[in-house]
Each structure stands twice: as structure tokens, then as C-alpha cells.
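Geometric and topological summary
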Amino acid sequence: MDSLSQLLSTVEPAGTVDLLCRYGGRWRADHPQAPAGHVPYHVILQGEGVARVGHDELALRAGDILLLPHGASHLLRGVDARAPAATAPPDIRHNGVLTELTQDGAGPRLEMLCGVFTLGRAGGLLLMALPQAMVVRAATITDNSALATLLGLMRTEASRPRLGAAAIVNQLSTALFTLVLRALIHDGQQTRGLLALMADPRLAPAVQSMLQTPTEPWTLVTLAQRCHLSRATFARQFVRASGLTPLRLLTAIRMEHAARQLERPKDSVARVAAGIGYQSEAAFARAFKLHFGIGPGTYRRQAATPEGVMAGGRPPRQAQG
């Protein structure tokens, strides 16, 4: 299994499409901070707009996809600040597939799909060191026929109430997440995080090894050998490419592996600790709590509740980027 497939089998993403928005004239749409593990996204189908995330402003054009890896609060607005403001409240209705929001006004128009990717327990592993906002540009999508075809099908299904359309749109949204990540890796523009490592042919073998066999006794030397690099060169290039040390990433992968083991009651904490290379249960417990914010015992109890392991409301600390 390739490294991206391996990662996604752990992250278990699910996608939904919530809104089909059509704006005209001068408009703005505020989006609050999303819950942990929720990655909002916006697909610009037609027109142009501006996204403000923190102090940054990003120009968005037809075909672009805006991704908010950490669910940051953000503002979307029209490009023409001189256009007359809408005089009537937006028209909001459910078209049988999803909710349509239409706000008419004179001036430039924009149409977009708004949705959320929900990540499983291991989502923090993917989000480590990623920026607050990422944009897949239309040019990248045009060069990716699978992604362009999927977006066209999503738009068609979202605007025509037919049998199964709502289920199809959400299933396509889940597939969209994988295609977006693949596009971000292939365009070579990602300079931080796990995606940047996967995009670097010199370092990708080390990531593949850690993901496929996290319980192996990997060291800087053995990981460097996988990449045919010296220990010092490997460590330096790894940090430069991702903002992470190799051992920090390895620890995060091992903690996610341990969490999956803890969800099986037959495995004791001591056995799980030993399985990922910890001879001391206390040392494992400290590392686990540093990663997840809760100890392995608490994690196991929460995993047994209907609300799951996020019942305590605390995301993995390393997911904050």
C-alpha cells in the first residue's frame, strides 16, 4: 500500500457538502472556528472571491479549492468593495439534496460549494505542521482529470434532486479529500508537514517505512539508510521539508498505532507499550498523554463510550500545527 493510502486508512476521513451558495454584489460570509477534527472546504464553481484567514487574504477564482486544515475561523467576501450591498436577506431553501443560499445583488457573482471533511482519531497525524489555509489552484485541477471530473459530477448532483443524490454528493466529497491531498502532493507547493515529506522523493521512503511498520525499532541511522542519505543530511533535510524531526513523526505514528490497539480490550496497556518498543509502561503513558492530552487508561475508557475518544473535547496536542 502506498504511503497516502496507508495514512488515509488510519485517518478514516468522511466528507459532507452542506451548502450551495450563490452571491451577487457586495457580500460577506463569516465562518467560526470549526470543532477539532473538522476541516472546512470551499469549492469555487464560478466567479471570484477573497478569503481572509487571520491576517492573510487569499484571492479565489473559479476552480480553486480552499481548505482549512485546522478549522480556522475565516471570512469570505466579494472582490468588488464598491458594489451595492444586498437590500434583501438571502433566500435559503433545501433543494432536496442540500441547502441552497442565494443572495442577489448587482455586480460580480460567485457560486461555490461549502462542506466539511471529518477526520477520525488519527487526523492530527495528517494535520501536523500544516498551515491554517491551503488552496488547490484551478490550474492544478485542470491538469488532474480525475479531480476535474469529480467536481463536475458533484456540481451536477448537488443541483438536481434525484434519487440518491444526497448520498452520492457526500460520497464524492469523501473521495474529493483524497484527490485534493494527492494534488497538493503532486504540485510540489507544500513546504511543511507530512504532505511535503511525501512529495519529496528523497525522504518519502522513510515516511513509507514508518507508516507501514511503526513497531520496527527505527533509528535515525536506519531511516537515513532507507533514503540513501547520511544520518546528518537526512535529519537536516527532514526538518527543513516538514518542520518535524524524524523521531517526533515516528512517535506520533506509534502513538496512533497504540491508540488503535487500546481500543481492543484484550490488549493490556503494558502489552501495547511493549508492542511499540516501550519497556516501561510509565514512559509510554507519559508519551501517550503528551500526544493525546489524556492517559492511555482514560483513552480506553472514552473509546468504550458512545461519544468515542473525543468525548473529553481535547484534540491531539500535536494536531495544532
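From a predicted model like this one, the values you see are computed outputs, not experimental measurements.

**Thoughts on the overall build of the protein**
Counting its regular elements, the protein contains 13 helices and 11 strands. Taken over the C-alpha trace, the protein has a radius of gyration of 22 Å; the compact-globule value for 321 residues is 20 Å, and the two agree within 12%. Overall, the protein is about 70 × 45 × 35 Å in size when its C-alpha atoms are taken along their principal axes. The 321 residues of the protein split such that 48% are buried. If you take every contact in the protein between residues at least 6 apart in sequence, the share linking residues at least 24 apart comes to 73%. Accessible area for the protein stands at about 15000 Å²; split by element, carbon and sulfur atoms hold 53% of it. Computed over 33 positive and 23 negative side-chain charges, the inter-centroid distance for the protein is 7 Å.

**Re the pattern of salt bridges**
Counted under the stated rule, the structure contains 12 salt bridges. Residues Arg22 and Glu111 are paired through a salt bridge, measuring 3.8 Å at the closest nitrogen-oxygen approach. One end of the pair, Arg22, is in strand β1 (residues 14-24); the other, Glu111, is in strand β10 (residues 109-118), and 89 residues separate them in sequence. On the basis of relative accessible area, Glu111 is assigned to the buried category, the value being 11%. The residue Arg162 makes a salt bridge to Glu157 at a minimum N-O spacing of 3.0 Å. According to the relative accessible area criterion, Arg162 is partly exposed, its value standing at 45%. Look at the salt bridges and you will find they share partners, linking Arg22, Arg93, Glu100, Glu111 and Arg155 into a network.

**Side note on the sheet that holds strand β2 (residues 28-31)**
Strand order across the open sheet formed by 4 strands is β2-β7-β4-β5, with antiparallel pairing between neighbours. In the strand order of this sheet, the two ends are held by β2 and β5 (56-61), each with one partner. On average, each strand axis in the sheet is tilted by 20 degrees relative to the strand beside it, whichever way the strands run. Pairing of strand β4 (residues 48-53) with strand β7 (residues 74-77), which is carried by 3 bridges, proceeds in the antiparallel orientation. Within the sheet, the bridge partner assigned to Ala51 lies in β7 and is Leu76.

**Quick notes on the packing of aromatic side chains**
For the coordinates displayed, the defined rule picks out 9 aromatic pairs. Ring geometry for Phe292 and Tyr299: centres 5.2 Å apart, planes at 55 degrees, overall tilted. The burial state of Phe292 is the same as that of Tyr299; both residues are buried. Through successive ring pairs, a cluster of aromatic residues spans Tyr278, Phe284, Phe288, Phe292 and Tyr299.

**So, the sheet that holds strand β9 (residues 99-103)**
Strand order across the open sheet formed by 7 strands is β8-β9-β1-β10-β3-β6-β11, with mixed pairing between neighbours. Each end of this open sheet is capped by a strand with a single partner; those strands are β8 (91-94) and β11 (134-136). Within the sheet, the average angular offset between the axes of one strand and its neighbour, ignoring direction, is 20 degrees. Bridge count for strand β3 (residues 38-46) against strand β6 (residues 65-67) is 3 bridges, and the pairing is antiparallel. Following the sheet pairing, Val43 is matched in β6 by Ile65. On the sheet, helix α4 (residues 145-159) packs against β1, β3, β6 and β10 and is oriented at approximately 90 degrees with respect to β3. Sheet strands in contact with helix α5 (residues 165-186) are β1, β3, β6, β10 and β11, and its direction is about 90 degrees off that of β1.

**Description of unusual backbone geometry**
We note that Glu12 has phi near 55 degrees; this positive angle belongs to a residue other than glycine. By the secondary structure assignment, Glu12 is in the loop between α1 (3-11) and β1. With phi around 60 degrees, His228 is a residue other than glycine that occupies positive phi space. Secondary-structure assignment places His228 in the loop between α8 (220-226) and α9 (231-242).

**Describing the confidence of the model for the protein**
Chain-level statistics for the protein give a pLDDT mean of 87 and a share of 93% at 70 or above. Here helix α3 (residues 138-142) stands out as the least confident element of the protein, with mean pLDDT 80; α8 is the most confident, with 97. Low confidence marks residues 310-321, where pLDDT is under 50. Its contacts with residues over four positions away, or in another chain, come to 27 contacts.

**What to know about helix α7 (residues 204-212)**
Note: α-helices contain 3.6 residues per turn, so residues at a spacing of three or four share the same orientation. Those residues of α7 that sit buried are Ala204, Ala206, Val207, Ser209, Met210 and Leu211. Among the structural elements, α1, α2 (123-127), α6 (193-199), α8, α9 and α10 (246-262) are those in contact with the buried residues of α7.

Reading the values: rules and limits
Residues numbered from 1 in each chain as written. Predicted model: local features only at pLDDT ≥ 70, side-chain atom pairs only at ≥ 80, totals over all residues. Heavy atoms only, no water. Helix = DSSP H or I, 4+ residues; strand = E, 2+ residues; numbered from the N terminus. Rg over C-alpha atoms; globule rule 2.2 N^0.38 Å. Buried < 20%, exposed > 50% of the residue type's maximum accessible area, 1.4 Å probe, protein only. Contact = heavy atoms within 4.5 Å. Areas by Shrake-Rupley, 256 points an atom, 1.4 Å probe, with all protein chains shown as cover. Lys, Arg positive; Asp, Glu negative; His and termini not counted. Charge placed at Lys NZ, Arg CZ, Asp CG, Glu CD. Salt bridge = Lys/Arg side-chain N within 4 Å of Asp/Glu carboxyl O. Pairing = 2+ DSSP bridges. Axes fitted to C-alpha atoms, helices over the stretch in contact; angles between N-to-C directions. Phe/Tyr/Trp six-rings, centres within 6.5 Å; stacked < 30°, edge-to-face > 60°. pLDDT = per-residue confidence, 0-100.

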